[in-house]
Amino acid sequence: MHTIDLEFFPFNEVTLDDAIARYGVYVLWKPAASRCPSYIGEGKLLGRLGEHVATHGDNVDGYFAPIDGAPGKSKHDGHVAEAMLIFTATWVGRPPRHNRNAGRLERVRSLGHRLGVLRVNVRNRDPFQPPWSTVSQLAKTRTIRVDFRALDREEDAWLIQPWHQTRAPAGA
């Protein structure tokens, strides 16, 4: 089993040091967005935000979840977490509006087939709710769990709790 812990913080709670130096996963919300995030990505927040301003404008809000670990491991975990978040957002009816692809699902598959079960724990804030929402604060951890052993048996494998959805992704 491989577990990635994500504690999402609203942008106004992220320190400049963390925004510059730490690698992580982020979720952008445009002011007009009320149901679906604008973009889900991975990287060092400040650099990536600079790249997104041209596409999304400079009036975006969102969340950042730093990923701890050695640089290579945190980047790999960032790719896996980003893909799992994009898939989950789509499955629960909140697909990011401006992601052109589903992230690096090949990393999810590779790691999953090697280790059997992947799990992403989401804490503090619900990245699928706008930062200004009164329901964005999480009272308990939400978990995205993929059991590749079940996929090999063609059973339901994606368990998204407590979003209460279970399914095996098409083509997985």
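If you're wondering where the values come from, they're calculated on a predicted model, not measured in any experiment.

(A) Examining a nonpolar patch on the surface more closely. A contiguous nonpolar surface patch, about 290 Å² in accessible area, is contributed by Leu16, Ile20 and Leu46. Inspection of the secondary structure puts Ile20 in helix α1 (residues 16-21).

(B) Structural view of the pattern of salt bridges. Under the defined criterion, the tally for this structure stands at seven salt bridges. The salt bridge involving Glu51 is made with Arg48; its shortest N-O contact spans 2.3 Å. One end of the pair is Glu51 and the other is Arg48, both in helix α2 (residues 45-56) and three residues apart, which spans about a single turn. Residue class for Arg48 comes out partly exposed when judged on its relative accessible area of 21%. Ionic contacts of the salt-bridge type, sharing partners, join the residues Asp18, Arg22 and Asp68 into one network.

(C) Quick look at the nonpolar core. If you look at the biggest cluster of nonpolar residues, it comprises 28 residues, and the most contacted ones within it are Leu6, Phe8, Met84 and Leu85. Mapped onto this core, the elements with two or more residues apiece are β1 (2-7), β3 (23-29), β5 (61-66), α3 (71-91), α4 (105-115), β6 (117-123) and β7 (142-147). Sort the elements by how many residues they give to this core and α3 lands first, with seven residues. Each residue touching Leu6, except ones within four places of it in the same chain, is listed here: Val25, Ala65, Ile67, Ala81, Leu85, Val120, Asn121, Val122 and Arg123. In terms of nonpolar packing, the next biggest core, distinct from the first, is built from eight residues, Val14, Ala19, Tyr26 and Leu28 among them.

(D) Spatial organisation of α2. Residues of α2 that are buried include every one of Leu45, His52 and His56, and no others. The arc that holds the buried residues of α2, viewed along the axis, is 40°, so those residues lie on one side. Those residues of α2 that are exposed and angled more than 90 degrees off the buried face are Gly50 and Ala54. In this fold, the buried residues of α2 make contact with α1, β3, β4 (39-44) and β5. At the exit of α2 stands Gly57, carrying a positive phi of roughly 85°.

(E) Representation of α4 in the model. Listing the buried residues of α4 in full gives Val108, Leu111 and Gly112. Summarising the axial view, the buried residues of α4 lie within an arc of 100°, below the 170-degree limit, and thus occupy one face. Just downstream of α4, Gly116 is the residue with a positive phi angle, here 95°.

(F) Structural context of the packing of aromatic side chains. Inspection of every chain in the model, using the stated rule, returns three aromatic pairs. Aromatic side chains Tyr26 and Tyr39 sit 6.2 Å apart centroid to centroid with 25° between the ring planes, which places their arrangement in the stacked category. Here Tyr39 lies in strand β4 and Tyr26 lies in strand β3, a separation of 13 residues in the sequence. There is no split in this pair, since Tyr26 and Tyr39 are both buried. Aromatic pair Trp29 and Trp132: ring centres 6.3 Å apart, planes at 80°, arrangement edge-to-face. Of the two residues, Trp29 is situated in strand β3 and Trp132 in the loop between β6 and β7; the sequence distance between them amounts to 103 residues. Its relative accessible area of 0% is what places Trp29 among the buried residues. The partly exposed category is assigned to Trp132, whose relative accessible area is 43%.

(G) Local environment of the sheet that holds strand β2 (residues 9-10). Read across the sheet, four strands follow the order β2-β5-β3-β4 without closing on themselves; strand pairing throughout is antiparallel. Edge positions in the sheet fall to β2 and β4, since each has one partner strand and no second. The pairing of β3 with β5 spans six bridges and is classified as antiparallel. Bridge pairing in β5 places Val25 opposite Ala65. Where α2 meets the sheet, its contacts fall on β3, β4 and β5, and the angle it forms with β4 comes to roughly 145°.

Calculation criteria
Within each chain, residues carry numbers counting from 1 in the order of the written sequence. At least 70 in pLDDT is required for a residue's local features to be given in this predicted model, at least 80 for side-chain atom pairs to be given and counted, and no such filter applies to totals for whole chains, interfaces and linings, which use all residues. The side-chain quantities take in all heavy atoms of the structure and omit both hydrogens and water. Every patch collects residues that have over 30% relative accessible area and no salt bridge, joining them within 9 Å if they carry like charges and within 5 Å if they are nonpolar side chains (Val, Leu, Ile, Met, Phe, Trp, Tyr). Values of accessible area rely on a 1.4 Å probe in the Shrake-Rupley scheme; residue burial ignores everything except the protein chains shown. Put simply, a salt bridge is a Lys or Arg side-chain nitrogen that is within 4 Å of an Asp or Glu carboxyl oxygen. Helix numbers and strand numbers start at the N terminus; a helix is a DSSP run of H or I with at least 4 residues, a strand a run of E with at least 2. The buried label goes to any residue with under 20% of its type's maximum accessible area, the exposed label to any with over 50%, and the partly exposed label to all in between, with areas taken from a 1.4 Å probe on protein chains only. Each nonpolar core is a collection of buried residues, namely Ala, Val, Leu, Ile, Met, Phe, Trp, Tyr and Cys, held together in the definition by side-chain atoms within 4.5 Å. In this description, contact between two residues means that some pair of their heavy atoms is separated by no more than 4.5 Å. For this quantity, the arc is that covered by the directions from the helix axis to the C-beta atoms. Here a pair means two rings of Phe, Tyr or Trp (six-membered ring of Trp) with centres within 6.5 Å. Their orientation is stacked below 30 degrees between planes, edge-to-face above 60, and tilted elsewhere. Pairing between strands is defined by DSSP: at least two bridges between the two strands are required. Structural elements are reduced to axes, namely lines fitted to C-alpha atoms, with helices fitted over the stretch in contact, and the angle between N-to-C directions of any two is expressed from 0 to 180 degrees.

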